Amino acid sequence: QVQLLESGGGLVQPGDSLRLSCAASGRTFSDYAMGWFRQAPGKARESVIGISASGTNIYYIDSIKGRFTISRDNAKNTVYLQMNNLKPEDTAVYYCAVRAGSRWPSSRPIEYDSWGQGTQVTVSS
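Small disclaimer: the values here were computed from a predicted structure and weren't measured.

Enquirer: What is the right way to look at the state of the cysteines in this model?
Expert: The term disulfide refers to a covalent linkage connecting the sulfur atoms of a pair of cysteines. All chains considered together, the criterion is met by one disulfide. Sulfur-sulfur distance for the disulfide between Cys 22 and Cys 96 comes to 1.9 Å. Looking down the S-S bond of the Cys 22 and Cys 96 bridge, the torsion is 55 degrees, so its handedness is right-handed. In this pair, Cys 22 is assigned in strand E3 (residues 18-25) and Cys 96 in strand E9 (residues 92-99), connecting sequence segments 74 residues apart. Cys 96 carries the same exposure label as Cys 22, and that label is buried.

Now the structure itself:
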């Protein structure tokens, strides 16, 4: 089973940037799709962005279009979430997840096999 460890969260002001990292271990990282999800207090876990095993196929939700980008370094077993122009509504715990059964990402949490522990992102003035 893949183990995931997120890092990079924090408290920032609106308009600031953060980069989250998710380091994977345990299996062949380059064979699997990865996704980033977030969960705000009192809300369901939400898909944010995902990337295919090769890094060529990416999906994202409309609310982060033009602000967030995902990338992966298969040599380092790490996936990144670059978040620019952060807004208060981006405040949430961010989780990375691996879809070990597929090379293609999905927006459905149930289709992911392993999850990180989450990292808090708070956007507030």
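Enquirer: Explain the sheet that holds strand E7 (residues 68-73) here, please?
Expert: The strands that make up a sheet pair up through hydrogen bonds in the backbone, lying either parallel or antiparallel. Overall, antiparallel pairing links the four strands, which are arranged E1-E3-E8-E7 in an open sheet. What marks the edges here is a single partner per strand, and that holds for strand E1 (3-7) and E7. Ignoring strand direction, the axes of neighbouring strands in this sheet form an average angle of 15 degrees.

The rules behind the values
Residues numbered from 1 in each chain as written. Predicted model: local features only at pLDDT ≥ 70, side-chain atom pairs only at ≥ 80, totals over all residues. Heavy atoms only, no water. Disulfide = S-S within 2.5 Å. Helix = DSSP H or I, 4+ residues; strand = E, 2+ residues; numbered from the N terminus. Buried < 20%, exposed > 50% of the residue type's maximum accessible area, 1.4 Å probe, protein only. Pairing = 2+ DSSP bridges. Axes fitted to C-alpha atoms, helices over the stretch in contact; angles between N-to-C directions.

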